Amino acid sequence: MASINLIESFQDFKEAENIDRPTLMKVLEDVFKTLLRKKYGSDDNFDVIVNDQTGDLEIFRRRIIVEDGFSEDDLAEVELSEALRLDPDYAVGEELYEEVNVFDFGRRAILAAKQTLAARISDLKKNSLLQKYADRVGEIITGEVYQIWRKELMLLDDDNNELLLPKSEQIPGDFFKKGEPIRAVVKKVEMRNNTPVIILSRTHPSFLEKLLEIEVPEILDGLITVKKIVREPGERAKVAVESYDDRIDPVGACVGMKGSRIHGIVRELHNENIDIINYTANTQLLIQRALTPAKVNRIDVNAEKHHVDVYMDTDQVSLAIGKKGVNIKLAQQLTGFSIDVFRDIKESADFDIDLEEFSDEIEEWVIREFKKVGCDTALSVLDLSVEELIRRTDLEEETVRDVRRILEAEFEEDGNEA
């Protein structure tokens, strides 16, 4: 029997990736069993046979042959006289197989079946695509630019599936032409109007992480672990890495000989500066490394409030803050601490000031508290951390910090006048 022009839909069905043969057979069978139920009221005595190579369809009706006048169910039984007209060798009790002409269902029913089949195929393709990319979130893929719009690009993968790269997920400076291959990470898969939409990203930290895995075999092998990545796309990134093998320098392994490994990644990210730092559980040391390329003199940590005051030479302050504040912003994201950077007064001051000189700004009783613990000059106060001053004087933290700000401001002014 002809496939009633279903072959085109059938081929579309077969080409849908990850749709296995049992599923294919089941869908086609269900579609035509629905037709049978509409025409005969039941599909119990019908067999739908589909050729999974050509798409040809055959439907057979099964009935038991009974004596004339004894048929109680026309769907399940057929009288002997009717059976003998088909084949004179039939006998009572045998099973009669009769082919059903698909065209007997009528033009409208066949058209409805084709539409149902197309809808089922479309749903299966959507589910297949959704599952395929849901399992690949966080992976790098390569797509070819197919359409360029103001707010996003459409890419095609190797199977001609459509992928979206929004402008917000592109690195500043990204410029692509139609037909150009692009590497990006699968950020998320979502449903829009019952259609799966695959969103790609070149700005997500996982993109940099996967690029490092490609370039640094030790990461892929598990000898080096990427603890955390923070990025300001196109500007700077900071990557904290840790080695599980004492013989391997994680920073050196990631950078490579003469920067051979990191250079390729920097080019991919449009010259984004990448600081690779050695992760440590030591908070002060981690903060110091996170502020690279600036050099730190000393750090005052308030663990309870997750805040640190960092002191450094004057020429290092701008390095610590970075262009548009990017460096200190990333250092804060990497460490989880809010960071205030100060010029190290002790390094630049060649004189000291008695605390009494600040009596117009600091209350007398506060000055007396400091003097009780031997802090009678400005530098003697600034030489101790906030926690140490609180412990020694029993003053409130806010009071101590206010005093330090007043003293630091005085030295800043003197330094500027100089």
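Cut-offs and rules
- For every chain, the first residue of its written sequence is number 1, and the numbers climb from 1 along that sequence.
- The predicted nature of this model means local features are confined to residues of pLDDT at least 70 and side-chain atom pairs, given and counted, to a pLDDT of 80 or more, with totals for whole chains, interfaces and linings taken over all residues.
- No hydrogens and no water enter the side-chain calculation; it runs on all heavy atoms of the structure.
- Strands are runs of DSSP state E lasting at least two residues, helices are runs of H or I lasting at least four, and both sets are numbered from the N terminus onward.
- With C-alpha atoms as the basis for the radius of gyration, the globule rule is written as 2.2 Å multiplied by the number of residues raised to the power 0.38.
- Here, residues are in contact when the closest pair of their heavy atoms is within 4.5 Å.
- In this count, Lys and Arg are taken as positive residues and Asp and Glu as negative ones, while His and the chain termini are left out.
- One atom stands in for each charge, and that atom is NZ of Lys, CZ of Arg, CG of Asp or CD of Glu.
- We call Phe, Tyr and Trp rings a pair once their centres come within 6.5 Å, taking the six-membered ring for Trp, and we label the pair stacked below 30 degrees between planes, edge-to-face above 60, and tilted otherwise.
- When accessible area is computed with a 1.4 Å probe and restricted to protein chains, residues below 20% of their type maximum are described as buried, those above 50% as exposed, and intermediate ones as partly exposed.
- Sitting over a ring, as applied to charges here, requires NZ of Lys or CZ of Arg to be within 6 Å of the ring centre and within 35 degrees of the ring normal.
- Polar contacts, as used here, are pairs of N or O atoms within 3.5 Å; protein pairs need one atom able to donate a hydrogen and one able to accept it. Residues neighboring in sequence count only if both atoms are side-chain atoms.
- Here a cavity is any set of points on a 1 Å grid over the protein atoms alone where a 1.4 Å probe fits but cannot get out, and a pocket is any open set with protein on both sides within 12 Å along at least 5 of 7 lines; a residue lines the site when it has an atom within 4 Å of a point.
- Grid points are joined across faces, edges and corners, and a volume is the space filled by probe spheres set on the points.
- Residue polarity follows a fixed list, in which Ala, Val, Leu, Ile, Met, Phe, Trp, Tyr, Cys and Pro are nonpolar, Asp, Glu, Lys and Arg are charged, and the others, Gly among them, are polar.
- Residues with no salt bridge and a relative accessible area higher than 30% make up the patches, which join like charges within 9 Å and nonpolar side chains (Val, Leu, Ile, Met, Phe, Trp, Tyr) within 5 Å.
- Here, Shrake-Rupley sampling with a 1.4 Å probe gives the accessible areas, and only protein chains in the shown set may cover a residue.
- Salt bridge, as used here, is a side-chain nitrogen of Lys or Arg placed within 4 Å of a carboxyl oxygen of Asp or Glu.
- Helix span, expected: 1.5 Å multiplied by one less than the number of residues in the helix.
- Lines are fitted to the C-alpha atoms to define the axes, a helix being fitted only along its stretch in contact, and any angle between axes, read from their N-to-C directions, falls within 0 to 180 degrees.
- For a crossing to be left-handed, the near helix must be turned anticlockwise from the far one by less than a right angle; the clockwise case is right-handed.
- Two strands pair under a simple rule: DSSP has to find at least two bridges between them.

*Asks:* Residues and numbers for the overall build of the protein, please.
*Replies:* The helix and strand tally for the protein stands at 16 helices and 15 strands. Its C-alpha radius of gyration of 38 Å places the protein more than 25% over the 22 Å reference for a compact globule of 418 residues. Considered along the principal axes of its C-alpha atoms, the protein spans approximately 125 × 45 × 45 Å. Partitioning the contacts of the protein with sequence separation of at least 6, the portion at a separation of at least 24 is 59%. For the protein, the separation between the mean place of its 56 positive charges and that of its 88 negative charges on side chains is 4 Å.

*Asks:* Before we move on, could you go through the packing of aromatic side chains and cite the residues and values that matter?
*Replies:* This structure, assessed with the given rule, holds one aromatic pair. Seen from their ring centres, Tyr311 and Phe342 are 5.4 Å apart, and the 25 degrees between their planes marks the pair as stacked. Here Phe342 lies in strand E15 (residues 338-343) and Tyr311 lies in strand E14 (residues 307-312), a separation of 31 residues in the sequence. Take Tyr311: its relative accessible area is 2%, and that puts it in the buried class. Overall, Phe342 belongs to the partly exposed group, its relative accessible area being 23%. Over the ring of Tyr279 we find Lys227, and its NZ or CZ is 5.1 Å from the ring centre. Over the ring of Tyr311 we find Arg298, and its NZ or CZ is 4.1 Å from the ring centre.

*Asks:* Give a description of the environment of Leu35 that names residues and reports values.
*Replies:* Tracing the backbone through its elements, the reader meets Leu35 in helix H2 (residues 21-40). Using a relative accessible area of 8% as the deciding quantity, one classes Leu35 as buried. Separated by 342 residues in the primary sequence, Leu35 and Thr377 place their C-alpha atoms 97 Å from one another.

*Asks:* With reference to specific residues and values, describe the side chain of Asp309.
*Replies:* Topologically, Asp309 is positioned in strand E14. Engagement of the side chain of Asp309 in a polar contact is seen with the side chain of His307, the distance being 2.9 Å. Here Arg401 takes part through its side chain, which lies 3.0 Å from a polar atom of the side chain of Asp309. Discounting residues that sit within four places of it in the chain, Asp309 has contacts with Arg298, Ile299, Asp300, Asp340, Phe342 and Arg401.

*Asks:* Can you tell me about the layout of surface pockets, naming the residues and giving the values?
*Replies:* Taken as a whole, the second largest pocket holds about 180 Å³ of empty space. Around the second largest pocket, the lining comprises 13 residues; the ones closest to its centre are His307, Asp309, Asp340, Arg401 and Arg405. Contributing elements (two or more residues each) for the lining of the second largest pocket: E14, E15 and helix H16 (397-417). Per-element accounting of the lining of the second largest pocket gives the leading share, five residues, to H16. Looking at the lining of the second largest pocket, its residues break down into three nonpolar, two polar and eight charged.

*Asks:* If you had to explain a negative patch on the surface to someone new, which residues and values would you point to?
*Replies:* A cluster of acidic side chains, namely Asp352, Asp354, Glu357 and Asp376, defines a negative patch on the protein surface. Of note, Asp352 is situated in the loop between helix H12 (345-348) and helix H13 (364-372).

*Asks:* Before we move on, could you go through the pattern of salt bridges and cite the residues and values that matter?
*Replies:* Using the criterion set out here, one finds 24 salt bridges in the structure. For Glu218, the salt bridge goes to Arg261, with nearest N and O atoms at 3.0 Å. Here Glu218, found in helix H6 (residues 217-220), pairs with Arg261, found in helix H8 (residues 260-268); they are 43 residues apart in sequence, far enough to count as distant. Classification of Glu218 by relative accessible area gives buried; the value is 18%.

*Asks:* Residues and numbers for helix H4 (residues 107-134), please.
*Replies:* One full turn of an α-helix is made of 3.6 residues, so residues set three or four places apart face in the same direction. Between its first and last C-alpha, H4 extends 40 Å over 28 residues, near the 40 Å set by a 1.5 Å rise per residue. Looking at H4, one finds that the buried residues are Ile110, Ala113, Leu117, Ile121, Leu124, Ser128, Leu129, Lys132 and Tyr133.

*Asks:* Run through the packing of helix H5 (residues 205-215) against H8, naming residues and quoting values.
*Replies:* Close contact between H5 and H8 brings their axes to 10 Å; oriented N to C, the two are set at 145 degrees. Judged by the twist between their axes, the crossing of H5 over H8 is right-handed. Contacts from Phe207, Leu208, Leu211, Leu212 and Glu215 of H5 reach H8 at Arg261, Ile262, Ile265 and Glu268. A per-class count over the contact of H5 with H8 returns six nonpolar, no polar and three charged.

*Asks:* So what's going on with the pairing of strand E2 (residues 57-66)? Which residues, and what values?
*Replies:* The element E2 is extensively covered by neighbouring structure, given that seven of its 10 residues are classed as buried. Of the pairings in the sheet, the one linking strand E1 (residues 46-50) to E2 comprises five bridges and is antiparallel in character. Along E2, the bridge assignment pairs Asp47 with Phe60. Pairing of E2 with strand E4 (residues 95-100) involves six bridges; the strand directions are antiparallel.

Take it as geometry only, folks, not as evidence of what the structure does.
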